[in-house]
Amino acid sequence: MSHVLLLMAGLWIYGMYPIGSEPLAFLPSRTAGPWPTVLVTLLFTGLYPVVGWGMIHFLWWGFTRRGWPVERFHAVLQRSLIAWRALLAVLYAIEIYLLHWPILVGRVWGLEGIPVLKDLAGLAPFLTALALSWIPTWGLDRRMRGSVRWPLRDYLAFQARGSLGLFLVPVLIFLGASDVLGHIPWARYALAVYPALATALFPLGMLAMYAASPFLLGMVLSTSTLPAGALRARLAALAVRADFRYRDIRIWHTQGGQLSNALVVGLWGRLRYVLLTDALLEQLTPEEIEGVFGHEMGHARHHHLPVFFLFLIGGMFLYGALAGLAASIWPELGQEAAQVLLLGAWFGGGAWLFGHLSRRFERQADLFGARVVGEPGRFARALLKVADQNGIPRGVGSWRYYSIDRRVHEVYVASVDPRTEAGFRRELSRVLACVGVIVTLGVAAAVYDAVLSADQTAENRRRYAAIETASAGERRLEAEDYAGAERELHESWRDLKGTNFENLVLFLQAEAIWAQGRRAEAEPLYRAAEELHPHDPEVRHDLLARLAELGAGAGGD
């Protein structure tokens, strides 16, 4: 599992909350406080890199002391790293859905009303464990490259910029924009009454973030413009021959590292940057750098980035439709179990198809790069040197890349037998057809849902008004205007019967009555809220705590 998919999984796990099951470990009726949740989370966070260190140490011992073949070592290493990354997602899911970390940081520690900071605290166990995992991978990286010139501090800084920074900055911007919209009355009204608007805004927001990615890179990565000179002139001439437009060619500084890599970002010419790492510029000849540059041009000219973007958006729409379908067909399965099964299926199936697509896109970019430099041998030498500098065995592939030997072989074969490239195009078309089906089904599901929601506009208006009334009642409750809170909450409850908000309104209404000293009247409302079996753990947390005070014990799942 690559860092990108792992980070997406972590964000998705956090974003799906509130769902979850017992135990709510920090309830007063069960423990003395939040320490079980804190201690288990700290244990998971510290244990995760230790597991990785032990795994890497064992595999390296087998390779160096037991004489494992290079191909076997790297094949087992890749599978082990994928399993290790998946373990992080599992541990984080336990922290979220069983230990209810978001309630701890939001309700117990008082961060609930602080935008962005609450989300950062919610993601903190996941991001901390991921950052700590770079320590054992640093040792592995040094051994595989046979180099000791990349200090740990610089390695961690590079990983933080490239892995967390590129992920965290867009996420925080997105979350901040969502919080802003939630505090604007007309925006809140429009999104509640016209849910199709939210469906449309999501891909538009993602597209805006995607379009702004070159500028976000400038905020996160350490880059500088490739200075004028013979190399820049060669690359500019190559871009003219390939009809490739870009905004700038930049040097990607790797904090003294030896990562030979390149990257193209941006959806179109005026917003497109090509990044070449400092190590690549130092270690490759100008002719070989042309080959790498040609490969990156191939990604842009064949529109690989927009295809990945459509795959992501269509897949998320399809996931939402399948989640709703599963809930309606198998209600006895339970919301939590359905979400977990679907999440596993989505990331498993999505990663499998993404790997198929990625490998073929890399081959397509290879063929383009070899063709544009006009000499397959020059391009092949660039591939081989990049692999050697990065410690990649030539005969071992991965879920995202064919092996270097295979890529070089296919470049040479295509240069002498054009029929092989025609066959590859047919193969790529079949994979793209699968992506097209996913995108079509996802968009169709989103459109269908939007059409259905258009018939519910009047009901949405009524429900929105009731929710606003309930929110006003909750604010009165917080301001200790208990009689006013009781009145407004009772008024809203009549219009929210049968909805997911009913148990919350009943609970808040009981709280207002309880605060006025009428505990006998409040208890039946607490019982009614409990019988509605709130799926929201935050509601369960407050409800179970109050029931404990009533001497009723703790109910739940």
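Here is what the cut-offs are and how they apply
- Residues numbered from 1 in each chain as written.
- Predicted model: local features only at pLDDT ≥ 70, side-chain atom pairs only at ≥ 80, totals over all residues.
- Heavy atoms only, no water.
- Helix = DSSP H or I, 4+ residues; strand = E, 2+ residues; numbered from the N terminus.
- Buried < 20%, exposed > 50% of the residue type's maximum accessible area, 1.4 Å probe, protein only.
- Lys, Arg positive; Asp, Glu negative; His and termini not counted.
- Charge placed at Lys NZ, Arg CZ, Asp CG, Glu CD.
- Axes fitted to C-alpha atoms, helices over the stretch in contact; angles between N-to-C directions.
- Parallel < 35°, antiparallel > 145°, perpendicular 65-115°, else oblique.
- Left-handed = near helix turned anticlockwise from the far one by under 90°.
- Contact = heavy atoms within 4.5 Å.
- Nonpolar A, V, L, I, M, F, W, Y, C, P; charged D, E, K, R; others polar.
- Phe/Tyr/Trp six-rings, centres within 6.5 Å; stacked < 30°, edge-to-face > 60°.
- Lys NZ or Arg CZ within 6 Å of the ring centre and 35° of its normal.
- Salt bridge = Lys/Arg side-chain N within 4 Å of Asp/Glu carboxyl O.
- Expected span 1.5 Å × (residues − 1).

Enquirer: Help me out: how do you make sense of the overall build of the protein in this one?
Expert: Each helix and strand in the protein was counted, giving 22 helices and 4 strands. C-alpha extents for the protein along the principal axes are approximately 85 × 55 × 45 Å. When the 557 residues of the protein are sorted by exposure, 48% land in the buried category. Each charge class in the protein can be summarised by its mean position, and for the 52 positive and 50 negative side chains these summaries are 11 Å apart.

Enquirer: How should I be thinking about the packing of helix H21 (residues 519-531) against helix H22 (residues 537-549) in this particular structure?
Expert: Any two packed helices are characterised by the angle at which their axes cross and by the distance between the axes. Packing of H21 against H22 leaves a shortest axis separation of 11 Å and a crossing angle of 135 degrees. One element, H21, and the other, H22, form an angle in the oblique class. Every pair of crossing elements has a handedness; the one defined by H21 and H22 is left-handed. Across the interface between the two elements, Tyr526, Arg527, Ala529 and Glu530 of H21 pack against Leu543, Arg546 and Leu547 of H22. Residues of the contact of H21 with H22, tallied by class, amount to 4 nonpolar, no polar and 3 charged.

Enquirer: Looking at this structure, how should I read the packing of aromatic side chains?
Expert: Two numbers describe a pair of aromatic rings. These are the distance of the centres and the angle of the planes. Tallying each qualifying case throughout the model produces 17 aromatic pairs. A centroid spacing of 4.5 Å and a plane angle of 20 degrees characterise the contact between Phe63 and Phe73, whose relative ring orientation is stacked. Highlighted residues: Phe63 in helix H2 (residues 35-64) and Phe73 in helix H3 (residues 70-97), separated in sequence by 10 residues. Phe63 sits in the partly exposed class, given a relative accessible area of 22%. Taken together, Phe308, Phe354, Phe361 and Trp399 form an aromatic cluster joined through their ring pairs. Over the aromatic face of Tyr402 sits the side chain of Arg406, whose NZ or CZ is 3.8 Å from the ring centroid.

Enquirer: I tried to follow the pattern of salt bridges on my own but got confused; where do I start?
Expert: A side chain of one charge can pair with a side chain of the opposite charge when the charged atoms of the two come close. Considering all chains together, one arrives at 29 salt bridges under this definition. Linking Asp243 and Arg245 is a salt bridge whose minimum nitrogen-to-oxygen distance equals 3.4 Å. Take Asp243: its relative accessible area is 48%, and that puts it in the partly exposed class. Arg407 is the partner of Asp366 in a salt bridge, and the nearest nitrogen-oxygen pair spans 2.7 Å. Of the two residues, Asp366 is situated in helix H14 (residues 335-373) and Arg407 in helix H16 (residues 404-416); the sequence distance between them amounts to 41 residues. Taking relative accessible area as the criterion, Asp366 reaches 2% and is therefore assigned buried. Judged by its relative accessible area of 9%, Arg407 is buried. Linked through salt bridges whose partners overlap, the residues forming this network are Arg234, Glu287, Glu290, Glu375, Arg378 and Arg381.

Enquirer: Which parts of the structure should I look at to understand the packing of helix H4 (residues 101-108) against H22?
Expert: Where H4 meets H22, the closest approach of the two axes is 10 Å, and the angle between their N-to-C directions is 65 degrees. Classified by chirality, the crossing of H22 by H4 is right-handed. Contacts between H4 and H22 involve Ile103, Arg107 and Val108 on the former and, on the latter, Pro537, Glu538, His541 and Asp542. For the contact of H4 with H22, the class distribution of residues is 3 nonpolar, 1 polar and 3 charged.

Enquirer: Before we go on, may I ask you to explain helix H19 (residues 482-495) in this structure?
Expert: An α-helical turn contains 3.6 residues, so a residue and the one three or four places further along point in the same direction. Taking 1.5 Å per residue as the helical rise, H19 with its 14 residues ought to reach 20 Å, and the 21 Å between its terminal C-alpha atoms agrees with that figure. When H19 is considered as a whole, its buried residues turn out to be Gly484, Ala485, Glu486, Glu488, Leu489, Ser492 and Trp493. Taken together, the buried residues of H19 touch helix H18 (457-478) and helix H20 (502-515).

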